Amino acid sequence: MTIADTPMQETLRTLWGIQEIDRDLFRVQEELKRLPAEREARAKKLDERRAQIQAVKDEASGVEERVREIENQSMTQRQKIRKLEDESESSRDMAVVEACRYEVRELQREIKRSERLCVEMMVESEEKVEGLKEVEEQLSVEEGHFTELSDGIDREISDAEGRKADLETARAERLGGDINSEALDLYNRLLGAREGQAMALVDSQVCQACYMSIPANLNVHLARGAKVIQCPSCDRILIRI
Ligand SMILES: [Zn+2]
């Protein structure tokens, strides 16, 4: 079956002429989406690591604060001990003396408990801060890598943008102005829906994009070339050349 030379056939041939460009354009556009997303994902990981480091530092300052509070409390308790000792020395009442001594012992025990607690807290906190060194070194290495990666991405983006501009120029030149606008709209929609491949060649009554057979009646329409025929299976605009 020969193909009729119709205005629609002319439109289809023009669209087929830009299909190759559009496939490349689609890839470039995908690249232009992927590259900044890649950078963002890496930057997010670095931010998470920085936040982890900060959390440990904040916790350590919290411990220091708590230790200061406990030390102040102990200082007050020591002052109280001195007062109680004076009181017990100047008193002749044995009951008062005993009561003072008892309270002194209690306070001394409490001071010792606080001292132990402070030491434990400090040791634990210092270990955590010490562990940060490795993480911070790792972060600084990763920051270096990120700068390299980011520079690389900048270069790739600018390269992709250059290619995109060239492809768009070539597309506009090939497309010209005389084209069936409905067919062009459908073509453009399918470009997005079918990952840059809106058209499919028919060879031996088989769609060369999805490899499904084309029904006989559609083949007749295809040969007449009067209207746009889409593959019943993959929706792509069919063309016979
Ligand atoms: Zn198909």
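Criteria and cut-off values
- Residues numbered from 1 in each chain as written.
- Predicted model: local features only at pLDDT ≥ 70, side-chain atom pairs only at ≥ 80, totals over all residues.
- Helix = DSSP H or I, 4+ residues; strand = E, 2+ residues; numbered from the N terminus.
- Rg over C-alpha atoms; globule rule 2.2 N^0.38 Å.
- Buried ≥ 20, exposed ≤ 12 C-beta atoms within 10 Å, placed from the backbone.
- Contact = placed C-beta atoms within 7 Å.
- Domains from an automatic or database assignment.
- Pairing = 2+ DSSP bridges.
- Expected span 1.5 Å × (residues − 1).

Novice: Could you give an account of the overall build of the protein, with specific residues and numbers?
Specialist: If you tally the helices and strands in the protein, you get four helices and three strands. Along the protein, from the amino end to the carboxyl end, the secondary structure elements read α-α-α-β-β-α-β. Here the C-alpha radius of gyration of the protein, 40 Å, is well above what a compact globule of 241 residues would show, namely 18 Å. For the protein, the spread of C-alpha atoms along the principal axes amounts to about 130 × 35 × 25 Å. A burial count over the protein gives 12% of its 241 residues as buried. Considering only residue pairs separated by 6 or more positions, the protein has 75% of its internal contacts joining residues 24 or more positions apart.

Novice: For the domain arrangement of the protein, give the residues involved together with the corresponding values.
Specialist: On domain assignment, one finds that the protein holds domain 1 (24–178) and domain 2 (180–241). Each of domain 1 and domain 2 has a C-alpha centre, and the two are 59 Å apart.

Novice: Please set out the sheet that holds strand β3 (residues 237–239) residue by residue, giving values where relevant.
Specialist: Each strand in a sheet pairs with another by means of backbone hydrogen bonds, the pair being arranged parallel or else antiparallel. What the three strands build is an open sheet, ordered β2-β1-β3; its pairing is mixed. At either margin of the open sheet sits one strand with a lone partner, and together these are β2 (206–207) and β3. In this structure, strand β1 (residues 199–203) lies alongside β2, joined through two bridges in antiparallel fashion. Directly across from D203, in β2, lies its bridge partner V206.

Novice: Residues and numbers for helix α2 (residues 94–175), please.
Specialist: Given a rise of 1.5 Å per residue, 82 residues ought to cover 122 Å, and the 113 Å separating the end C-alpha atoms of α2 matches this to within 8%. Within two residues after α2, G176 carries a phi angle of roughly 60 degrees, on the positive side.

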